[in-house]
Structures are given as C-alpha cells and as structure tokens.
Amino acid sequence: MIFSSFFKAMGQIGDPRFRKVLLLGVGLTLALLIVAYSGVLWLVQSAVGDSTTLPLIGEVTWLGDLLGGASLLLMFVLSVFLMVPVASAITSMFLDVVAQAVEDKHYPTLPPAVNIPFGEALRDTINFLGVIIGANTLALILYAIFAPFAPFIFWALNGYLLGMEYFTLVAIRRVGRIQAKALRRRHRMTIWLAGVLMALPLSLPLVNLLIPIMGAATFTHIYHAILTRSPARSG
C-alpha cells in the first residue's frame, strides 16, 4: 500500500497545482526566515547599539558586529535543520489543493470534499508549526548525545510528525476531525512507516522541498486504500 501510493504520487508530480503549492510554501517559508532574522538583528542592535562599555576593556564598537555575525550564523544553522519542517507546516495550509488534484485524477467519482475554513486551517498550521519546531529543536540534544544514531532519530521523529499531519489533513476533508483521528489511531503503524518514507529524503537539498507535496499526494492514496479495505466506505 505504502510504496504503490508513493509511486502513484510520483507519477503526478508535474501537475500544475502541485507546482503552485510548492512555490507558495517555499516563498512563505523564506519570507518567514528573513523576517525572523531581521527581528533577531534588530534586537541585537537595540541591546548593544553602536558601541558599549565592557569592564576592564572600556568602550568597544565591534561587539554589535560580532553579535550580528553570530546571530546570522545561528540562523543559518537553525535553518538547515528547520527549513523543511517549517516549509512542511506552512505548506500544509494549501495541501488540500494537492489532495483534490489527486482525487480529481484517480478518484473522479467521489462527491465534493468539505472545504476547511481558512481560520481552522491557519490554526492547525500554527499548532503543527509549533510542534514540529519544538520537537526538532529538542531533538538537537539527542543528536549530540547519540550522534551515530542521529539520522535514524531524525527520520523516526519527522516520520511520525509528517505522517500524523498529512493523514489527518487528507482524512478530515472526507470524514471530519473526530473520525480522521480515529482512523489515524487504528492505522498508526502504516501511517508512521509512510511518514518515515517521506522523511528519508529530508536530508537531500532541493528534493526535500517536494516532501510536503509528495506527502499529501501519497497519503491521499493511502487514505483511500484504507477505506477500500474497510467494510464501509465514507465520503
């Protein structure tokens, strides 16, 4: 089920709606990172100013430049780890477009899906963004302690988070939030393994930016495969 769903999603990668969501997600993510760095730089300059006085040294003018450079380095390091998770969270606001494109092509007899209100989608995105940033930031400690196993920790953690998010996003359009969560619990192992498959390319530059699109498309197929194996089909 998992691999067949993935290859079906791969076959639709050239869909114009996929490209539109990709550009929106990456553009908004870059804008967010720029705003975040600008805010950090403003805080540093406000705290230090053009010069400051240090004990035993006196007035120095280079401290602001040093802290500014350090903050830039810190933002770069964090962006390496957080760029794709953040892009995944932001792109999730638009992934119903991907799910609809998959259903239009592969499941054309389905009735219209329920549109998720923008406010609800924004709330879910903010919640997911907080969870995925917090989890990946805390995982940096585990990477340092268990360095040889860092890739496996990264894949397992993000596989769980991405699988949970993408499956819920796809299912909620068809069966509502409560039943979507029930389905997710019932098929948690399949969803987690599919999420790990999505997490594996996260280490590959540029390719990793496609993961939100591929995840939504893959889990759309997985959702419908799960329902066809159930006694009754919803939606």
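Everything discussed here concerns the structure shown above.
Quick caveat: nothing in here was measured; it's all calculated off a predicted structure.

Caption draft 1: Just helix α5 (residues 118-145), in detail. The terminal C-alpha atoms of α5 lie 41 Å apart, and with 28 residues this matches the ideal 40 Å at 1.5 Å per residue to within 8%. By the burial criterion, the buried members of α5 are Ala 121, Thr 125, Phe 128, Leu 129, Ile 132, Asn 136, Ala 139 and Tyr 143.

Caption draft 2: Geometry of the pattern of salt bridges. Throughout the structure, instances matching the rule amount to six salt bridges. The shortest N-O distance in the salt bridge between Glu 103 and Arg 173 comes to 3.3 Å. Of this pair, Glu 103 sits in helix α4 (residues 95-106) while Arg 173 sits in helix α6 (residues 150-186), and the two are 70 residues apart along the sequence. Exposure class is identical for Glu 103 and Arg 173. Each is buried. Through salt bridges with shared partners, a single ionic network connects Asp 15, Arg 17 and Asp 104.

Caption draft 3: Structural view of a positive patch on the surface. Residues Lys 181, Arg 185, Arg 186 and Arg 188 make up a contiguous surface patch of positive charge. Looking at the positive patch, the element that brings in the most residues is α6, giving three residues. Its location among the elements puts Arg 185 in helix α6. What makes Arg 185 partly exposed here is its relative accessible area of 46%.

Caption draft 4: Focus on the side chain of Thr 168. Checked against the element boundaries, Thr 168 lands in helix α6. Engagement of the side chain of Thr 168 in a polar contact is seen with the side chain of Arg 184, the distance being 2.8 Å. Apart from the residues lying within four places of it in its own chain, the contact partners of Thr 168 are Ala 180 and Arg 184.

Caption draft 5: Here's a closer look at the environment of Ala 156. For Ala 156, the location among the structural elements is in helix α6. Here Ala 156 falls in the partly exposed class, since its relative accessible area comes to 29%. Separated by 37 residues in the primary sequence, Ala 156 and Leu 193 have C-alpha atoms spaced 8.7 Å apart. The contacts of Ala 156, once residues within four sequence positions are left out, are Trp 192 and Val 196.

Caption draft 6: Examining the nonpolar core more closely. Counting 46 residues, the largest nonpolar core has Leu 95, Val 98, Leu 162, Phe 167, Met 198, Phe 219 and Tyr 223 as the members making the most contacts within it. Only α1 (2-10), α2 (16-48), α4, α5, α6, α7 (188-199) and α8 (211-228) provide two or more residues apiece to this core. Examining the composition of this core, we find that 13 residues originate from one element, α6, more than from any other. Filtering out sequence-adjacent residues up to four positions away, Phe 167 remains in contact with Ala 180, Leu 183, Arg 184, Ile 191, Phe 219, Tyr 223 and Ile 226.

Caption draft 7: Inspection of the layout of surface pockets at higher detail. The calculated volume of the largest pocket comes to roughly 510 Å³. Forming the walls of the largest pocket are 22 residues, and the residues nearest its centre are Ala 121, Asp 124, Thr 125, Glu 165 and Leu 169. Elements with a minimum of two residues in the lining of the largest pocket: α4, α5 and α6. If you tally residues by element for the lining of the largest pocket, the top one is α6, at nine residues. Grouping the constituent residues of the lining of the largest pocket by class yields 11 nonpolar, four polar and seven charged.

Caption draft 8: Seen up close, the packing of aromatic side chains. A full pass over the atoms with the stated rule returns five aromatic pairs. Seen from their ring centres, Tyr 166 and Phe 219 are 6.3 Å apart, and the 50° between their planes marks the pair as tilted. Linking Tyr 166 in helix α6 with Phe 219 in helix α8, this pair joins segments that are 53 residues apart in sequence. Residue class for Tyr 166 comes out buried when judged on its relative accessible area of 0%. We classify Phe 219 as buried; its relative accessible area is 0%.

Reading the values: the criteria
All chains use their own residue numbering, which begins from 1 and follows the written sequence. Local features in this predicted model are restricted to residues of pLDDT 70 or higher, and side-chain atom pairs are both shown and tallied only at a pLDDT of 80 or more, whereas totals for entire chains, interfaces and linings draw on every residue. The basis for every side-chain value is the complete set of heavy atoms in the structure, and neither hydrogens nor water enter the calculation. Secondary structure elements follow DSSP: runs of H or I of four or more residues count as helices, runs of E of two or more count as strands, with numbering from the N terminus. Helices are assigned an expected span. That span is 1.5 Å times one less than the residue count. Burial classes follow relative accessibility: with a 1.4 Å probe on protein chains only, a residue under 20% of its type's maximum area counts as buried, one over 50% as exposed, and anything between as partly exposed. For this document, the term salt bridge refers to a Lys or Arg side-chain nitrogen within 4 Å of an Asp or Glu carboxyl oxygen. Patch construction takes residues with relative accessible area above 30% that form no salt bridge. Like charges are linked within 9 Å, and nonpolar side chains (Val, Leu, Ile, Met, Phe, Trp, Tyr) are linked within 5 Å. All accessibility values rest on the Shrake-Rupley procedure with a 1.4 Å probe; residue burial counts only the protein chains present in the view. Two residue types count as positive, namely Lys and Arg, and two as negative, namely Asp and Glu; His and chain ends fall outside the count. Taken as the charge centre is NZ of Lys, CZ of Arg, CG of Asp or CD of Glu, depending on the residue. A 3.5 Å cut-off defines polar contacts: any pair of N or O atoms within that distance qualifies, except that in protein one atom must be a possible hydrogen donor and the other a possible acceptor, and neighbouring residues in sequence count only when both atoms are side-chain atoms. Any two residues whose heavy atoms approach within 4.5 Å are treated as being in contact. Among buried residues, the Ala, Val, Leu, Ile, Met, Phe, Trp, Tyr and Cys ones that are joined through side-chain atoms within 4.5 Å form a nonpolar core. The method works on a 1 Å grid over the protein atoms by themselves. A cavity is a set of points holding a 1.4 Å probe that cannot get out, a pocket is an open set with protein on both sides within 12 Å along at least five of seven lines, and residues with an atom within 4 Å of a point line them. Grid points are joined across faces, edges and corners, and a volume is the space filled by probe spheres set on the points. In this classification, Asp, Glu, Lys and Arg are treated as charged, Ala, Val, Leu, Ile, Met, Phe, Trp, Tyr, Cys and Pro as nonpolar, and every other residue, Gly included, as polar. Classification of ring pairs uses Phe, Tyr and Trp, with its six-membered ring standing for Trp, and accepts pairs whose centres are within 6.5 Å; under 30 degrees between planes counts as stacked, over 60 as edge-to-face, and the remaining range as tilted.

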